[in-house]
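Topology and contacts: notes
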Amino acid sequence: MRHLLSTKDLELGEIVSMLDVADRMAEVNARPLPKVPALRGKTVATVFFEDSTRTRLSFETAARRLSADVMTFSVSSSSVNKGESLRDTIETLSAMGVDAFVVRHKSSGVPRQIVRWTDASVINAGDGWHQHPTQGLLDAYTITRAFGSHDSMAGRTIAIVGDIKHSRVARSNIDIFTRMGARVVLVAPDAFLPRALDTWGVEVRPALDDVIGDVDVLYMLRIQRERMSASDVPGLREYSDKYALTPSRAARLGSGALLMHPGPINRGVELLVDPADVPGSRILTQVSNGVAVRMAVLFTVLGGGMGSIMQQGAES
Amino acid sequence: MSGRDPSLVIRGASVVNPDAVVKADVLIEGGIISAVGEGLAGDWSIDADGLYLSSGFVDLHTHLREPGREEAETIETGSRAAALGGYTAVVAMPNTDPAQDNVATVDFVREQGLRAGLCDVVPSGCITKGRAGRELVPFDRLGAAGVTLFTDDGNGVQDDMLMRRALVMAARLGLTLAQHCEVSAMTQGAVMHDGQCCSSMGVPGWPAEAEEAMLRRDIELVRQTGAKMHFLHLSTAGSVELVRRAKADGLPITAEVTPHHLSLVDELLSGFDPVFKVNPPLRTPVDIQALKDGLLDGTIDAVATDHAPHPDHAKEEPLDSAPPGMLGLETALAVVNTSVGLGPQGIARVLSWNPARIARIEGAHGGAVAVGRPANLALWDLSTVWTVSRDGLASLSRNTPYHGMEVRGRVHHTVHQGRLVVKEGKALR
């Protein structure tokens, strides 16, 4: 695997073994000194054309724990503001010696376009509404590990609630969850659904109350307030009435059901309950799993065989 | 043109005329076809055995980019691309900078075409000043300057009342209005056809109904005003059906389709390559089939290229910000022939005869190859298989969606005003 641009580039078997590698990385992270020399001498450049705190920090932490050098590029302090093109930016950074680009961009497809202009590996850290493959992997990791076995997603009901249409997280998650055998139910108003869902293998429900009693995972998406101004979208209050997680709805969640959210949370919009008060919340587990999964991705894209890392890890 | 120009005889071509395809020699003297028959002699000759000879192609929809964006194309380079594509006339779209909403700019475009001397450059005019959709252009003055086709191409005229007024004026002055059908409120930020591919790629969609809604409105306005209207680059199955019914009602409308909407599907965008981004967008196999059927049964009158050059760097932007448009002049014949089984007369009908009538230049272009007609001619075949290369094109830009694709049919020679401007697939000037 040279690049990770979309979950759709991964075979199901590759997804499963990536999550297995993440288990090993989680073991590394649990050590007193959570660092292995697996990627020593490699340079990972995080190139974020769009702001992000957690994803960038997660990737940079993952890279450092594998002993890679980290180069940080953010648009606010770069010559992109002087009109430098995407291609020139990537070619310039490549010339400094980069082994992997971790790219976030507000436009769908940019990571795939960048592949043409560099010999380095490209990892998509979120592009437009298109894909956020490491989020999909870390969510699959969180769910399967919470339910206990590698194939524990099969037959589970996962409701994804919110603005599906504009969500890269939803696209990555739906692809992985359905392929791992889950029954995926989308809960959203029409304006938040893409036009053509026929091939997605999902069900659609118009209100959270229709499903909340029988979900194994309740996956709440972040609602961006600015989207609420669009003419075809219900108002914030109407949205909250039907789709927000209220204390009474949270009380109807099954005892083993998980609550997940990709962050950052918009309290008072999609969550009207403190997630700390929901026993099944895995929202912070998602964040810590994110580091292990991104270590697995960086290692798989840049590293050698599995044996080497554990051996090296044991030495350190 | 002077009588002292050497005479040229084209020997042994299959002459494609509306009534028949007949093998004959054609003699050209002083820019005019002076004889059609057997055993003709001239000062020099072209052996055209095995080739079709028809009136030169006419493109109703060419973006030459001059004035304003000469980095992408100039009238000279665009004219050369046209001649290589078998075109003897192109209608220059008015979205230049400044826009072709005034006589000075229109005259400049025509003059630059004459200087290039490779094909007739026929300027169109805007419907509204600056194509802004607010204030109508001086139709009478532009009409007096020779403009017969008006369009805000790139933008549809959104305002119903303004469009109605424009059609009333056009009817009175005998002008044709051409619409780019797009209800802009339905296509904000749109990147591609709003279908399955778009949904999974996560980009804003351009729904079929945004085209059909404006087309439906305009058909009703034509019904009320009696004005002539031409519909640019129709792209959906629904549009074909709307035009079919309006024509059955006897309305004075014509329609065009591009080679790319006959040949390329929206799925090509799944790699996020902006070279496949175009407006209106590539659509589905169902739409393509309907467009082919419409072209074959005459619902759609003409193939027009919507030749839209863009420099490499513009097509290296992210898909959502890259400009729409693709090259078309040099590949049109081959792509149409590869996509639709039109045969030689069908090809001449949709690439030459009908567009010449729609552009109102049938005095010099289109129609039969016959004695007394101006010698604007194309020689081509429908059998040569070749591979398109973006590096082998005369256009200043390289944004062809057909790079690496195998196509069938080739332009060999083009005669413009009696002069050979393309010989054996090479431009002579």
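Because the structure is a prediction, the values reported are computed rather than measured.

This next bit is on the overall build of chain B. Counting its regular elements, chain B contains 11 helices and 19 strands. Against the compact-globule benchmark of 22 Å for 429 residues, chain B has a radius of gyration of 20 Å, which places it among compact chains. C-alpha atoms of chain B, sized along the principal axes, occupy 60 × 50 × 40 Å. Here chain B, with 429 residues, has 62% of them falling under the buried criterion. Restricting to contacts in chain B with at least 6 residues of sequence separation, those with at least 24 account for 74%. Here chain B has roughly 14700 Å² of accessible surface; of this, 49% comes from carbon and sulfur atoms.

Take the sheet that holds strand β7 (residues 87-92) of chain B next. Residue and element names in this part refer to chain B. The parallel open sheet is built from three strands, whose spatial order is β6-β7-β8. In the strand order of this sheet, the two ends are held by β6 (57-62) and β8 (120-123), each with one partner. In this sheet, neighbouring strand axes are inclined to one another by 20° on average, regardless of whether the strands run parallel or antiparallel. Of the strand pairs in this sheet, β7 and β8 are connected by four bridges, and their pairing is parallel. Paired with V91 across the bridge in β8 is V122. Against the sheet, helix α2 (residues 103-116) makes contact with β7 and β8, and its axis sits at roughly 170° relative to β8, the strand it touches most.

Counting residues at the interface gives 21 residues for chain B and 21 residues for chain A. Scanning the region where chain B abuts chain A turns up three salt bridges. With a shortest N-O distance of 2.6 Å, B:E209 and A:R195 are connected by a salt bridge. Put simply, chain B and chain A have 10 residue pairs in polar contact (both at pLDDT 80 or more) between them. With four residues, helix α5 (residues 196-201) of chain B is the single largest residue contributor to the side of chain B that touches chain A. Classifying every residue of the side of chain B that touches chain A gives eight nonpolar, seven polar and six charged.

Quick look at the nonpolar core now. By size, the foremost hydrophobic cluster in this structure holds 89 residues, and its most contacted members are A:L137, A:I160, A:I164, A:F177 and A:L218. Looking at which element gives the most residues to this core, the answer is helix α9 (residues 283-302) of chain A, with 11 residues. Those residues in contact with A:F177, other than ones at most four positions away along the chain, are A:G136, A:D139, A:A140, A:I143, A:M153, A:I158, A:I160, A:A182 and A:V184. Core analysis: the next-biggest nonpolar cluster, separate from the first, contains 35 residues, B:V90, B:C119, B:A348 and B:L382 among them.

Take the environment of B:R283 next. All names here are of chain B. Of note, R283 is situated in the loop between α8 (259-263) and α9 (285-297). The exposure class assigned to R283 is buried, which follows from its relative accessible area of 2%. Placed 22 residues apart in sequence, R283 and H261 show a C-alpha to C-alpha distance of 7.2 Å. With near-sequence residues (within four places) excluded, R283 lies in contact with H193, W206, P207, A208, E211, S235, T236, L264, V265 and D266. A polar side-chain atom of R283 sits 2.8 Å from a polar atom in the side chain of H193. Polar side-chain contacts of R283 include one of 2.8 Å to the side chain of S235.

Before going further, it helps to examine the packing of helix α5 (residues 133-147) of chain A against α9(A). All names here are of chain A. In the contact formed by α5 and α9, the axes pass within 8 Å of each other and the chain directions differ by 120°. Where α5 crosses over α9, the handedness of that crossing is right-handed. Touching T134, Q135, L137, L138, D139, Y141 and T142 of α5 are T285, Q286, N289, G290, V293, R294 and V297, all from α9. When the residues that make up the contact of α5 with α9 are grouped by side-chain class, the tally is five nonpolar, seven polar and two charged.

Turning to the packing of aromatic side chains, a few remarks are in order. By the definition in use, this model includes seven aromatic pairs over all chains. Between the aromatic rings of B:F139 and B:F150, the centroid separation amounts to 5.0 Å while the plane-to-plane angle is 75°, which identifies the pairing as edge-to-face. Separated by 11 residues along the polypeptide, B:F139 in helix α3 (residues 139-144) and B:F150 in strand β9 (residues 149-151) bring together distant segments of the chain. Neither B:F139 nor B:F150 differs from the other in exposure class; each is buried. Three or more aromatic residues joined by ring pairs form one cluster here, namely B:Y52, B:F57, B:Y87 and B:W380. The ring of A:F147 has A:R156 sitting right over it, with the charged end atom 3.9 Å from the ring centre. Of note, B:R410 hangs over the ring of B:W386, and the distance from its end group to the ring centre comes to 4.1 Å.

Let's shift gears to the confidence of the model for chain A. Model confidence for chain A is summarised by a mean pLDDT of 92, while 93% of its residues fall at 70 or above. Contacts for the low-pLDDT stretch residues 312-316 of chain A, under 50 throughout, to residues beyond four places or in other chains number eight contacts.

Residue and element names in this part refer to chain B. Between its first and last C-alpha, α2 extends 20 Å over 14 residues, near the 20 Å set by a 1.5 Å rise per residue. Residues of α2 that are buried include every one of T105, V106, V109, Q112, G113 and A116, and no others. The buried side chains of α2 occupy one side of the element, clustering within an arc of 125° when seen end-on. Turned more than 90 degrees away from the buried face of α2, the exposed residues are A104, L114 and R115. On its buried side, α2 packs onto α1 (75-84), β7, β8 and α3. The N-terminus of α2 is capped by N102, whose side-chain oxygen sits 3.2 Å from the backbone nitrogen of A104. Looking at the residues trailing α2, positive phi occurs at G117, about 65°.

Calculation notes
Residues numbered from 1 in each chain as written. Chains lettered and ligands numbered in written order. Predicted model: local features only at pLDDT ≥ 70, side-chain atom pairs only at ≥ 80, totals over all residues. Heavy atoms only, no water. Helix = DSSP H or I, 4+ residues; strand = E, 2+ residues; numbered from the N terminus. Rg over C-alpha atoms; globule rule 2.2 N^0.38 Å. Buried < 20%, exposed > 50% of the residue type's maximum accessible area, 1.4 Å probe, protein only. Contact = heavy atoms within 4.5 Å. Areas by Shrake-Rupley, 256 points an atom, 1.4 Å probe, with all protein chains shown as cover. Pairing = 2+ DSSP bridges. Axes fitted to C-alpha atoms, helices over the stretch in contact; angles between N-to-C directions. Salt bridge = Lys/Arg side-chain N within 4 Å of Asp/Glu carboxyl O. Polar contact = N/O pair within 3.5 Å; in protein donor to acceptor, adjacent residues only side chain to side chain. Nonpolar A, V, L, I, M, F, W, Y, C, P; charged D, E, K, R; others polar. Core = buried A, V, L, I, M, F, W, Y, C linked by side-chain atoms within 4.5 Å. Left-handed = near helix turned anticlockwise from the far one by under 90°. Phe/Tyr/Trp six-rings, centres within 6.5 Å; stacked < 30°, edge-to-face > 60°. Lys NZ or Arg CZ within 6 Å of the ring centre and 35° of its normal. pLDDT = per-residue confidence, 0-100. Expected span 1.5 Å × (residues − 1). Arc of directions from axis to C-beta.

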